[in-house]
Amino acid sequence: MMTQSTQNALNGNGHAEADWTDFVHTGPGTIAGAYLRRFWQPVFRSQDLKPGKAVPIKVMSEDLTLYRGESGATHALPFRCAHRGTQLSTGWVEGDNLRCRYHGWTYNASGQCVQQPCEPTPFAEKVRLRAYPTQEYLGFVFLYMGEGQAPPLPRYPQMETEGELDVSSGVRGCNYFTNVENAVDELHHYFVHWQRRTPVGDQVIPRMNAEETDYGFRIILNQPGDDRVWTWHWHMPNILQMNTSDFDQALHWRVPIDDESHLIPTCTRIQPGASVRGGEGGAQADPTEHSKMVAEISQKIRSGRMTVEDVDLRAGAYFPVGDDVTQLGQGAIPDRASERLGASDVGIIMLRNLWKRDLRALSEGQPTKEWQHSVEGLIATPRLYARGTV
């Protein structure tokens, strides 16, 4: 069955009004937006949403209200009250209900209005907001924004092993698909992140390959003359599975906030006895402040007031600053029409082809591939550092 979001992106002939090769625009009525809304997305760190707290969030250009009831359950409603349109997150959480601060209209977790204190003859039963399914997993509140019944939340057995779970999040001021492509462009590590340790001239750059799988595709690298391989996994549509050591495993999402900014939720399973290094940006007491710090350093570098070499390797910002500098350096939304791709861009080419295939099927009312995320025993193998690095 075609969802309403998909229908909004199609004309009466069933052909996409928007180009099905358009990955970057994800607001209501877009093909890419309809596609991403079919998947659960992590939108908030669980530890940051306290009982009785409501917060405003934006996901795929839609403003929403996320709150945790006094029972501990999480809920999501639209941004505005149905009465006079004020911001619901400024109101009060009462049990698992949310009361608007303006005139006291109260909504339950299903979005049904249950109280109108100012009305002599309440008509609350006629007022209902859309409620969005939420679930908590791996330290995040996941949100489902698609039409109809939500599918089961994918599980990642490799993240449910013993050890500490390090949960981090960040915001980057460019289109999410820029970071999606960066995630499968594993050769950028040798220049963006490792050049400080081993100069480019001393590195042996590996060869990269990509193979489609039931969950997306695997990225395989090997250096000339070395039998070892480095394997990471890309889970369609927007999840990178990587490792940070011989044993740790990490998942990175890229979730659009709007067309020119995105969220980077990351969870890392730290094996017993290992030190906590964190995901993209590291462990953060305050993700917003950490993102601001990274963005400020990146802006100074891109404006010529400092260089990446000025960033302290030990300060927890070097890795994300490098990505921020290069990704924002492409523009808020890159001009891909002027690109010149090569053989080393095999991951990007694979990624775009899979997205095009699914978006084309969606735009034509055909079934997309049923990606399988809950894969037992799926482990990302240790990265191949450039020779000479530690």
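Nothing here was measured: the structure is a model prediction, and the numbers come from that model.

So, how was this worked out
- Residues numbered from 1 in each chain as written.
- Predicted model: local features only at pLDDT ≥ 70, side-chain atom pairs only at ≥ 80, totals over all residues.
- Heavy atoms only, no water.
- Helix = DSSP H or I, 4+ residues; strand = E, 2+ residues; numbered from the N terminus.
- Buried < 20%, exposed > 50% of the residue type's maximum accessible area, 1.4 Å probe, protein only.
- Contact = heavy atoms within 4.5 Å.
- Areas by Shrake-Rupley, 256 points an atom, 1.4 Å probe, with all protein chains shown as cover.
- Core = buried A, V, L, I, M, F, W, Y, C linked by side-chain atoms within 4.5 Å.
- Polar contact = N/O pair within 3.5 Å; in protein donor to acceptor, adjacent residues only side chain to side chain.
- Pairing = 2+ DSSP bridges.
- pLDDT = per-residue confidence, 0-100.

Engineer: Quick one: what's the story with the overall build of the protein chain, residue by residue and with numbers?
Structural biologist: Looking only at helices and strands, the protein chain has seven helices and 20 strands in total. Classification of the 390 residues of the protein chain by burial places 53% in the buried group. The contacts of the protein chain with a sequence gap of at least 6 include a subset with a gap of at least 24, amounting to 59%. Summed over its atoms, the accessible surface of the protein chain is roughly 17,400 Å², and 49% of this surface lies on carbon and sulfur atoms.

Engineer: Would you mind going over unusual backbone geometry in detail, with residue names and values included?
Structural biologist: Of note, the bond from Met-236 into Pro-237 is cis; its omega dihedral lies within 30 degrees of zero at 5°. Among the secondary structure elements, Pro-237 is positioned in the loop between strand E15 (230-235) and strand E16 (239-242). Even without being glycine, Met-60 reaches a positive phi, approximately 50°. Residue position: Met-60 is located in the loop between strand E2 (54-59) and strand E3 (62-68). With phi around 65°, Ser-61 is a residue other than glycine that occupies positive phi space. Residue placement: Ser-61 occurs in the loop between E2 and E3. Overall, the relative accessible area of 31% leaves Ser-61 in the partly exposed class.

Engineer: Talk me through the nonpolar core; I want residue IDs and the actual numbers.
Structural biologist: Here is a general trend for soluble globular proteins: nonpolar side chains tend to be buried in one another's company. Within the largest apolar cluster, 68 residues are counted, with the highest numbers of intra-cluster contacts made by Ile-57, Leu-143, Phe-217, Trp-234, Trp-253 and Trp-355. The element contributing the most residues to this core is helix H7 (residues 346-363), with eight residues. In contact with Ile-57, other than residues within four places in its own chain, are Val-43, Phe-44, Glu-62, Asp-63, Leu-64, Leu-66 and Leu-143. The next biggest cluster of nonpolar side chains, apart from the first, holds 14 residues, and it includes Cys-81, Leu-98, Cys-100 and Leu-129.

Engineer: Residue-level account of helix H3 (residues 176-184), with values.
Structural biologist: In terms of burial, H3 is a largely internal element, nine of the nine residues being buried. What H3 keeps buried is the set Tyr-176, Phe-177, Thr-178, Asn-179, Val-180, Glu-181, Asn-182, Ala-183 and Val-184. The distance from a side-chain oxygen at the start of H3 to the backbone nitrogen of Phe-177 is 2.9 Å, and the residue carrying that oxygen is Asn-175.

Engineer: Would you mind going over helix H6 (residues 318-328) in detail, with residue names and values included?
Structural biologist: Most of H6 is tucked away: nine of the 11 residues are buried. Among all positions in H6, only Tyr-318, Pro-320, Val-321, Gly-322, Asp-323, Asp-324, Val-325, Gln-327 and Leu-328 are buried. If you follow the buried residues of H6, they end up packed against strand E12 (171-172), H3, helix H4 (189-193), strand E19 (261-263) and helix H5 (287-302).

Engineer: Please provide a residue-by-residue account of the sheet that holds strand E18 (residues 255-258), values included.
Structural biologist: Read across the sheet, three strands follow the order E12-E19-E18 without closing on themselves; strand pairing throughout is antiparallel. Either end of the sheet is taken by a strand with one partner, and the two such strands are E12 and E18.

Engineer: Which residues make up the sheet that holds strand E6 (residues 97-99), and what values go with them?
Structural biologist: In spatial order, the strands read E5-E6-E7-E8; together these four strands make up an open sheet with antiparallel pairing. Of all the strands in the sheet, the pair left with one neighbour each is strand E5 (92-94) and strand E8 (113-115). Alignment of strand E7 (residues 106-107) against E8, held across two bridges, turns out to be antiparallel. Looking at E8, one finds that Tyr-107 is bridged to Cys-113.

Engineer: Please provide a residue-by-residue account of the confidence of the model for the protein chain, values included.
Structural biologist: Residues of the protein chain with pLDDT of at least 70 account for 87%, and the chain-wide mean is 88. Here residues 1-17 is modelled with pLDDT under 50, and outside its nearest four sequence neighbours on either side it reaches 28 contacts, counting other chains as well. Below a pLDDT of 50 lies the segment residues 386-390, which in the model reaches 16 contacts outside its immediate sequence neighbourhood of four places, other chains included.

Engineer: Could you give an account of the environment of Gln-115, naming the residues involved and the relevant values?
Structural biologist: Tracing the backbone through its elements, the reader meets Gln-115 in strand E8. Classification of Gln-115 by relative accessible area gives partly exposed; the value is 36%. Spatially, the C-alpha atom of Gln-115 lies 8.6 Å from that of Arg-99, the residues being 16 residues apart in sequence. Non-local contacts of Gln-115, meaning those with residues more than four positions away in its chain, are made with Arg-99, Gly-104, Trp-105, Thr-106 and Ala-124. Looking at Gln-115, its side chain comes within polar contact range of the side chain of Arg-99, at 2.7 Å.

Engineer: Tell me about the pairing of E18, and name the residues and values.
Structural biologist: Along a regular strand, successive side chains alternate from one face of the sheet to the other. Bridge count between E18 and E19: three bridges; the pairing is antiparallel. Considered in E19, the bridge of Asp-258 is made with Ser-261. Joining the antiparallel neighbours E18 and E19 is a turn of two residues.

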